[in-house]
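# What the coordinates show
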Amino acid sequence: MSDQPSEPSQPSELSDSSEVSRQPQRLRNAGDPQSDVPEPGAFPSGATSSGPPASGPAGAGAASAVGVAAAGRPAGQPANPWQHGAAAPGGRSPGATARLRPAAPEPATAPVLWSALATAVLSAILLGDGLGPNLLIVAAPAALAAFFAARSAGRRLRPWTLTWAVGGVALLAVPALRDAGWPVFLAVASAFALGSLALHGGRGWPGVLIGSVGLVDSVVPGARWGWRGARERAGGSRVRWGVVLRTTAVALVLLVVFGTLFASADAAFADLLGGLVPDVSLGDGPWRVFLFALGLAGALAAARTAAAPVRWDAITVRPGKPRGRAEWALPLIVLNLLFATFIALQLAVLLGGYGTVWEETGLSRAAYARQGFWQLLWATLLTLLVIALALRWAPRGGPRDRTLVNTVLGALCLLTLVVVASALRRMDLYVAEYGLTRLRISVAVMELWLGVVLLLILAAGVFGARFLPRGIAVSAAAGVLAFGLISPDGLIAEQNVRRFEERGTIDVDYVKGLSADAVPALDRLPEPQRSCALRVIQGDVHSSDSPWYATSWGEARAEEILRKRPAAEFRECHALGGDGVRGGYEPDDGGYDPY
């Protein structure tokens, strides 16, 4: 369901009307993302627009042609959802984003409305008890609503649409697998962004950046669109609605009566029924109503976006004024020389190990690692900003300018990759000395992803920048998915348990605050360390009464382990704090260390 007009050699995405299939081609020069694709062998230019809108006499003529075509459309002919730029009704001038917005789609069809209603009901019933497999269950009818709306509007499934959709579904599997809240939050937020991209499409930077949150823009229009569709379909079908309501009421009565009888007759059936039927109380009424409204609004927003997405790629971002070669290249060459000097000194650390560091600086392993990691992380981020600004003002006079840009920025990217390796090496030294924590694994993964971004920029300089925005988005989503699947809390516990087996010390005060995902690793500890590390998690697991659809696999596995081997009470727990270390920080800091 790409949001782009069809190429002349491809069938139209929208409708089988000849006018509808020809009209996007006439508007191509007004904002086709493929009209200004950087050629292979060049770094991405600062122009992230999909092309400036038509202006001057040619643009006026195109707009007039569109207006005449819209005015002369037969009454039965479907509207063109990509027709924009015509005068607003009543002679009002269009808003700043009017050229990005297609005409309003036809009212919502019955399959769309039923799917949205199913999403709302499932949201109210399942989402009130926590997150788990229920997110996948609720997402299914919402996706159906979007599919029915797109099919009604004549949009076709495109490869990138399928890529974003599959990625979003995979990210929604993280809450079903992991109990830790921080990777779950990242996965849900990323799944929302990929779902929005699947509905909007997007090829350039505006399309990818704004399209990832563009679904929020359709909440109010989606509600109006759904209401209009419900009114149209309810106007002449009161008899049919009555039949549906009577049938539903009879089915519910039969289920309640016979379900109650069978549950009272057999305890096993009662347990099965109690596990399947959600526990909804009157005290949760306001919360359930809010979830119902949230599910309904979200499904209708997704469906309306699928029918008529906003063309965020049509936003124009003009490139900066090209600079002269010397003016542009000299500061970057100086920066490259500074990077090279720094890296030459770092090779001793990367190749010589900690003994060389001690001889040269006299710093302890942890002090050396902590001293530079955050500075190198900021250096990587600032380098990406420098590259973006340099591309905006890069000289664009011909092949020689292109060669200069590729050489200078390519060298800067390669040198920055060595800085990334140095930062990761410092973090590795720090973790080896004081153990892994949530903050340490998070920033290390962030640094690793920045290295992937640098590699993508290098590839764009060789093969062209057409896929760079989408490539970076895919890498970010893949990183979040991998971060959730590896179970960071489980990895932290595993590393600390391994460190205990090697050194005989562990920071119980820290690991006891991890989630249920850490239980399989912590279960390998001897007593009393095992019980001291698991007693808090055991209390959380036993006090949780979440139903099956709001229970992750990590929590279920932890409950099974702790049921077989419950954590005992030990008086020594208050004295266990590792090797004089509290919270994974060295004791001779003289203060709190947030790293």
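I will try to describe carefully the structure that is included in this document. Bear in mind that the values here come from a model prediction, so they are computed numbers and not experimental data.

## Comments concerning the packing of aromatic side chains
Both the distance between ring centres and the angle between the ring planes are used here to describe each pair of aromatic rings. Counted under the stated rule, the structure contains 7 aromatic pairs. Centroid distance Tyr-430 to Tyr-434: 5.6 Å. Interplanar angle 50°. Geometry classified as tilted. Taken together, the residues Tyr-430 and Tyr-434, both in helix 15 (residues 399-434) and 4 residues apart, mark about one turn of the helix. Classification of Tyr-434 as buried rests on a relative accessible area of 16%. Taken together, the ring pairs in this structure connect Trp-160, Trp-164 and Phe-467 into an aromatic cluster. Looking at Arg-392, its charged tip hangs above the ring of Trp-393, at a distance of 5.9 Å from the centre.

## Concerning the side chain of Thr-416
Checked against the element boundaries, Thr-416 lands in helix 15. At a separation of 2.6 Å, a polar atom in the side chain of Thr-416 contacts the main-chain carbonyl oxygen of Leu-412. Apart from the residues within four sequence positions on either side, Thr-416 is in contact with Phe-339, Thr-380, Thr-383 and Leu-454.

## Considering the packing of helix 4 (residues 134-153) against helix 11 (residues 285-307)
Here helix 4 crosses helix 11 at 25°, and the two axes come no closer than 7 Å. Put simply, helix 4 runs roughly parallel to helix 11. As helix 4 packs across helix 11, the resulting crossing turns out to be right-handed. Here Ala-142, Ala-145, Ala-146, Ala-149, Ala-150 and Ala-153 of helix 4 come into contact with helix 11, specifically with Ala-299, Ala-302, Ala-303, Ala-306 and Ala-307.

## Quick notes on the nonpolar core
Formed by 65 residues in total, the largest nonpolar core has its most connected members in Trp-328 and Leu-522. Once you skip the residues sitting within four places of it in the chain, Leu-522 turns out to touch Ala-493, Val-497, Val-511, Arg-530, Ala-533, Leu-534 and Ile-537. Formed by 17 residues, the second largest nonpolar core is a distinct cluster that contains Leu-171, Ala-187, Ala-198 and Ala-473.

## Let's talk about the pattern of salt bridges
In the structure shown here, the tally under the stated rule is 12 salt bridges. Among the salt bridges present, the one from Arg-101 reaches Asp-217, with a minimum N-O distance of 2.7 Å. Remark: Asp-217 occurs in the loop between helix 7 (205-211) and helix 8 (219-235) and Arg-101 occurs in the loop between helix 2 (56-71) and helix 3 (110-126); sequence separation between them is 116 residues. On the basis of relative accessible area, Asp-217 is assigned to the partly exposed category, the value being 29%. The closest approach of N and O atoms between Asp-428 and Arg-425, which form a salt bridge, is 3.1 Å. Here Arg-425 and Asp-428 lie together in helix 15, a separation of 3 residues that amounts to about one turn. In this structure Arg-425 comes out as partly exposed when scored by relative accessible area, which is 27%. In the salt-bridge network here, residues are joined through shared partners; they are Asp-523, Glu-527, Arg-530 and Arg-565.

What counts and what doesn't
- Sequence positions are assigned chain by chain, starting from 1 and proceeding in written order.
- pLDDT decides what is reported in this predicted model: residues at 70 or higher carry local features, side-chain atom pairs at 80 or more are listed and counted, and totals for whole chains, interfaces and linings draw on all residues regardless.
- Note: side-chain values were computed over all heavy atoms of the structure, leaving out hydrogens and water.
- Side-chain rings of Phe, Tyr and Trp (the six-membered ring for Trp) are treated as a pair once their centres are within 6.5 Å; stacked means planes under 30 degrees apart, edge-to-face means over 60, and tilted covers the remaining angles.
- Helix and strand assignments follow DSSP, with helices taken as H or I runs no shorter than four residues and strands as E runs no shorter than two, numbered in order from the N terminus.
- For the exposure calls, accessible area comes from a 1.4 Å probe over protein chains only, and a residue counts as buried if that area is under 20% of its type's maximum, exposed if over 50%, partly exposed in between.
- In our convention, an over-ring charge means Lys NZ or Arg CZ found within 6 Å of a ring centre and within 35 degrees of that ring's normal.
- Side-chain atoms alone can form a polar contact between residues adjacent in sequence; in general such a contact is a pair of N or O atoms within 3.5 Å, and within protein one must be able to donate a hydrogen while the other accepts it.
- Any two residues having at least one pair of non-hydrogen atoms within 4.5 Å are treated as being in contact.
- Comment: axis = line fitted to C-alpha atoms, over the contacting stretch for helices; angle = value between 0 and 180 degrees taken between N-to-C directions.
- Geometric relationships in this document are graded by angle, where less than 35 degrees denotes roughly parallel, more than 145 denotes roughly antiparallel, 65 to 115 denotes roughly perpendicular, and other angles denote oblique.
- Handedness of each helix crossing follows the sense of rotation of the near helix against the far helix: counterclockwise by less than a right angle gives left-handed, clockwise gives right-handed.
- Side-chain atoms within 4.5 Å are what join buried Ala, Val, Leu, Ile, Met, Phe, Trp, Tyr and Cys residues into a set we call a nonpolar core.
- Criterion for a salt bridge: a side-chain nitrogen of Lys or Arg within 4 Å of a carboxyl oxygen of Asp or Glu.

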